[in-house]
Amino acid sequence: MPRSETIVIGKITTAHGIQGEVKVSLFVDDGEFIRDLDFLYLEGRPRREIKLKRARITANQAILAFEGTETRNDAEALRGRELSIPVEWLPELEEGEYYVAEIVGLAVETEEGEPLGTLEEVIFTGANEVYVIRGGPKGEILLPAIESVVQSVDLEAGRMVVTLPEGLVE
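The structure reproduced in this document is the subject of the present report. (Residues numbered from 1 in each chain as written. Predicted model: local features only at pLDDT ≥ 70, side-chain atom pairs only at ≥ 80, totals over all residues. Heavy atoms only, no water.)

## Some details on the overall build of the protein chain
Rules: Counting from the N terminus, the helices are the DSSP runs of H or I reaching at least four residues and the strands are the DSSP runs of E reaching at least two. We call a residue buried when its accessible area falls under 20% of the maximum for its residue type, exposed when it is over 50%, and partly exposed in between, using a 1.4 Å probe and counting protein chains only. We call two residues in contact when some of their heavy atoms are within 4.5 Å. All accessible areas in this document rest on Shrake-Rupley with a 1.4 Å probe, and a residue is counted as covered only by the protein chains that are shown. Neither His nor the chain ends contribute to the count of charged residues, in which Lys and Arg are positive and Asp and Glu negative. Think of each charge as sitting on NZ of Lys, CZ of Arg, CG of Asp or CD of Glu.
Counting secondary structure elements, the protein chain contains two helices and twelve strands. Overall, the protein chain shows an N-to-C arrangement of helices and strands of β-β-β-β-β-α-β-α-β-β-β-β-β-β. With the principal axes as the frame, the protein chain shows a C-alpha extent of 55 × 30 × 30 Å. Of all 170 residues assigned to the protein chain, the portion counted as buried reaches 38%. Looking at the protein chain alone, contacts between residues at least 24 apart form 52% of all its contacts between residues at least 6 apart. Carbon and sulfur atoms provide 46% of the accessible area of the protein chain, an area that totals close to 9,800 Å². A distance of 13 Å separates the average location of the 17 positive side-chain charges in the protein chain from that of its 33 negative side-chain charges.

## A look at the sheet that holds strand 2 (residues 21-26)
Note the threshold: Whether two strands pair depends on DSSP finding at least two bridges between them. A fitted line through C-alpha atoms represents every axis, and for helices the fit uses only the stretch in contact; the resulting angles, taken between N-to-C directions, go from 0 to 180 degrees.
The strand order 1-2-5-4-3-6 describes a closed barrel built from six strands, whose pairing is antiparallel. With strand direction ignored, the average angle separating the axes of adjacent strands in the sheet is 45°.

## Focus: the pairing of strand 11 (residues 150-154)
Bridge count between strand 11 and strand 12 (residues 159-162): four bridges; the pairing is antiparallel. Of the residues in strand 12, the one forming a bridge with Val-150 is Val-162. Linking strand 11 to strand 12, which pair antiparallel, is a turn of four residues; within it Gly-158 sits at a positive phi near 70°.

What follows is the structure in structure tokens.
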């Protein structure tokens, strides 16, 4: 399957326990759909299918067990690897909602067209997400992902237009 038809949904952060389970930081708000999957793609060279045995989902993490990953050492060997699925397997989102993998990499600019940098990371907080913008003339910007700030997202054009909250950037 071509890389362009898949989307990264999480990253393996560590082994969990001694029976080969891994802890995954999810890049989706609701990972419950993962329970119904037979396999995921383990990113790397080469990308390969990895059969899912079981999944426990919590807030923005998952504990996953894969066939062939039976020990803590097996699980540790997967640390840092990303997991992806075909895009069409993702649940539909409401209008104006986006998956992290869709927006990371977007060029961010003000309504006046001033470039701010690239959206490189999304931090999940209790109240709202925070977009980490880097590589622009104002340095790193931590932007609250709220309706009054994010004016538009154009995935096809690869750009996000924002209104900077007063006092956020000098």
